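Overview (structure and organization)
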Amino acid sequence: MRRFVNVFVLLSLFLLPLPLLAAPDEDVELDMDEYLFGHVRDSYDWHVTTINGKPVSIPLPVIVISKTGGGLKVFSSRHLEEGGYEGFRIAPSDSKYAGKIVEIAPDGSEVRPWDFSMTKNVAGLLINSAILLLIVLGTARWYRKHDAREEVPTGGVGLMEMLVTMVEDDIIKDCVGPDYRKYSPYLLTAFFFIFVNNLMGIVPFFPGGANVTGNIAVTLVLALFTFFTVNIFGNKHYWKDILWPDVPTWLKAPLPLMPLIEILGMFTKPFSLMVRLFANILAGHFMILGVVAVIFLTAKMGIAINGGLSAVAVLLGVFMDCLEILVAFIQAYVFTMLSAVFIGLSRQDPEAETN
Amino acid sequence: MSLITPDFGLLVWMTLIFGIVLFILAKWGFPMITDSVQKRADRINGSIKAAKEAEEKLRNLSEEQARIVEEAKQEQGRILKEAAESRDVMVEQAKQQARDEASRILDQARTQIAAEKENALRDIRKEVAVLSVGVAEKVLRKDLGEEVNRSGLLDRLVEEASSNRDAKLDN
């Protein structure tokens, strides 16, 4: 306890200069909405930091296909900050397309073009995927060069083997059932994809920090992959259970009550996958951002309060980051496990089991 | 960009990127790792089984060994017993032979002694006869000198001597 207090006091002392540095901006009110959503939202450029009031950001390519006949346009996101490029500009905050690229139709209304821009999240996805490929293919390379029957990997390869074995033995083998080998590449890819993206989302600076798995489009695609895997490879028993389940006849004819519920269930399962991952990661980001915001919110309350609360915020931030690392793993684990369970349910064959 | 409405562009990109990542990893990534780990697991299981079998064999071998040692011990005991028996028989035989030999030698000696005694007696008897004749001759010569005429006496003496001899021979 005494040591804890010492660390706390020391931290407060270290953080004392912070409010002094922040002093010139004292008249600037912190826009909490902009601060929170700006960090978790997708954007056309990758904002790294702000030096002396000037934002430092990495420009990313904007790719749009005009709906008013302008064709395909590719340009740097730097032009958007300067006001627009060939009729394309970012819609103002009172527009229904606020923050997105729009073009102005001849009648003066805003039209949303086909927008395939490489946004911050796309860039994050590319970087994280590259890291993932590097790690997994690097691990696979070791096995190609060594005889795994004679040697046991150490270090990073050993860690990867441990993780892969854990996911395969604990999740895939148990949840999918006897023909798990067919699905194990997909489930392993999903696990490591989510895990790497979650972890990179916690890293607060470039190349991390993109809120990839906290974006609903990303989790939607992941959920759709599971959805199609389940329904394309589902067996006869799976479809019979949906369309003609083992319930009293009046529940399925003439009014197909149970089949309707089951068909709804087909979609709620991946929907829950999508929302769970999205909401957990987004909430984690919000929590960390909120804790850090305490430092800036208390900047005007004097050095003592600000320093003390900054120390609290840093300690809480450390705790939150640790928690988020845990959540990053748990969510990847849960997504993989539930996907495996859904696949396993679609592969069940009670007749074969009873025999 | 709203938080809960999926952005179409990002959907396309995500599908593309995840699809490619999935394809690459499913083809060159994870199967390589999982197969290798599976192979190792199989090998370890096989090794454990082989070790168990070897142990079993070893146990059988030591049982066999113990059995052989036991047999050898029994054989040893049997041979020792036989040796002792045959030794006893041989000693007995030797004793018997020695006894027989001894009695044979004794018999021989006894016969020889008896023969020697007979010879000695015969010699003594001959000597006594010669001495008696000598003595008688001397006596007779003296007596005959004095009373040569007394032939009656000579006859009596001869008779006496011969009857004595007969009596002795009868004995």
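Residues numbered from 1 in each chain as written. Chains lettered and ligands numbered in written order. Predicted model: local features only at pLDDT ≥ 70, side-chain atom pairs only at ≥ 80, totals over all residues.

**Describing the pairing of strand β2 (residues 54–58) of chain A**
Residue and element names in this part refer to chain A. Stated formally: Exposure in this text rests on C-beta crowding, where 20 or more other C-beta atoms within 10 Å of a residue's own make it buried, 12 or fewer make it exposed, and counts in between make it partly exposed. The C-beta atoms are placed from the backbone. In DSSP terms, a helix is any run of H or I states spanning at least four residues, a strand is any run of E spanning at least two, and both are numbered starting from the N terminus. When DSSP finds two or more bridges between a pair of strands, those strands are recorded as paired.
Counting buried positions along β2 yields zero of five residues, so the element is predominantly exposed. Judged from the five bridges that link them, strand β1 (residues 46–51) and β2 form a sheet pairing that is antiparallel. Looking at β2, one finds that Thr50 is bridged to Pro55. In this antiparallel pair of consecutive strands, β1 and β2, the connection spans two residues, and Asn52 shows a positive phi of 55°.

**Comments concerning the sheet that holds strand β6 (residues 101–104) of chain A**
All names here are of chain A. Judged by pairing direction, the sheet is antiparallel, and its three strands sit side by side in the order β5-β6-β7 without closing on themselves. The sheet is open, and its two borders are formed by β5 (88–90) and β7 (110–111), each paired with just one other strand. Relative to β7, β6 is paired through two bridges, and the arrangement is antiparallel. Each residue of the ladder has a partner; that of Glu103, found in β7, is Val111.

**Observations concerning the nonpolar core**
Stated formally: To define a nonpolar core, we join buried Ala, Val, Leu, Ile, Met, Phe, Trp, Tyr and Cys residues through C-beta atoms within 7 Å and take the resulting set. Residues are defined as contacting one another if the C-beta atoms placed from their backbone atoms lie within 7 Å.
Counting residues in hydrophobic clusters, the biggest one holds 62 residues, and the most contacted among them are Leu187 and Phe191 of chain A. Of all elements in the fold, only α5 (120–145), α6 (155–176), α7 (184–202), α8 (216–232), α10 (257–297) and α11 (303–346) of chain A together with α1 (8–146) of chain B reach the threshold of two or more residues within this core. Take this core: its biggest share by element is 11 residues, from α7 of chain A. Setting aside chain neighbours within four positions, we find Leu187 of chain A in contact with Ile171, Ile172, Thr336, Ser339 and Ala340 of chain A. Among the nonpolar cores identified, the runner-up in size contains seven residues, and Tyr44, Val62, Leu80 and Val102 of chain A belong to it.

**Focus on the sheet that holds strand β8 (residues 114–115) of chain A**
Residue and element names in this part refer to chain A. Ordered by their spatial adjacency, three strands build an open sheet running β4-β3-β8, and the pairing between neighbours is antiparallel. Of all strands in the sheet, those bounded by a partner on one side alone are β4 (72–76) and β8. The sheet contact formed by strand β3 (residues 61–65) and β8 spans two bridges and is antiparallel. Following the sheet pairing, Ile65 is matched in β8 by Trp114.

**Describing the interface of chain A and chain B**
The following threshold applies: Classes in brief: Ala, Val, Leu, Ile, Met, Phe, Trp, Tyr, Cys and Pro nonpolar; Asp, Glu, Lys and Arg charged; the others, Gly included, polar.
Contact with chain A, which involves 40 residues of that partner, is made by 32 residues of chain B. If you list the elements that add at least two residues to the side of chain A that touches chain B, you get α5, α6, α7 and α8 of chain A. With 13 residues, the single largest contributor to the side of chain A that touches chain B is α5 of chain A. For the side of chain A that touches chain B, a count of residues per class yields 22 nonpolar, 10 polar and eight charged.

**Describing the environment of Ser129 of chain A**
On the secondary structure map, Ser129 of chain A appears in helix α5. Setting aside residues no more than four positions away along its own chain, Ser129 of chain A makes contact with Ile17 and Val21 of chain B.

**A closer look at the packing of α6 of chain A against α7 of chain A**
Each pair of packed helices can be described by the angle between their axes along with the distance between the axes. All names here are of chain A. Short version of the rule: Fitted lines through C-alpha atoms serve as axes, helices being fitted only where they are in contact, and the angles separating the N-to-C directions of these axes extend from 0 to 180 degrees. The sense of a crossing depends on the near helix, which, turned anticlockwise from the far helix by less than a right angle, makes the crossing left-handed and, turned clockwise, makes it right-handed.
Between α6 and α7, whose axes approach to 11 Å, the crossing angle comes to 120°. For α6 against α7, the interelement crossing comes out right-handed. Across from Val164, Val167, Glu168, Ile171 and Ile172 in α6, the residues of α7 making contact are Ser184, Leu187, Leu188 and Phe191.

**Section: unusual backbone geometry**
At the junction of Phe206 of chain A and Pro207 of chain A, the peptide bond is cis and its omega measures out at 5° in the coordinates. Mapped onto the fold, Pro207 of chain A is located in the loop between α7 and α8.

In short, shape yes, function no, at least from these values alone.
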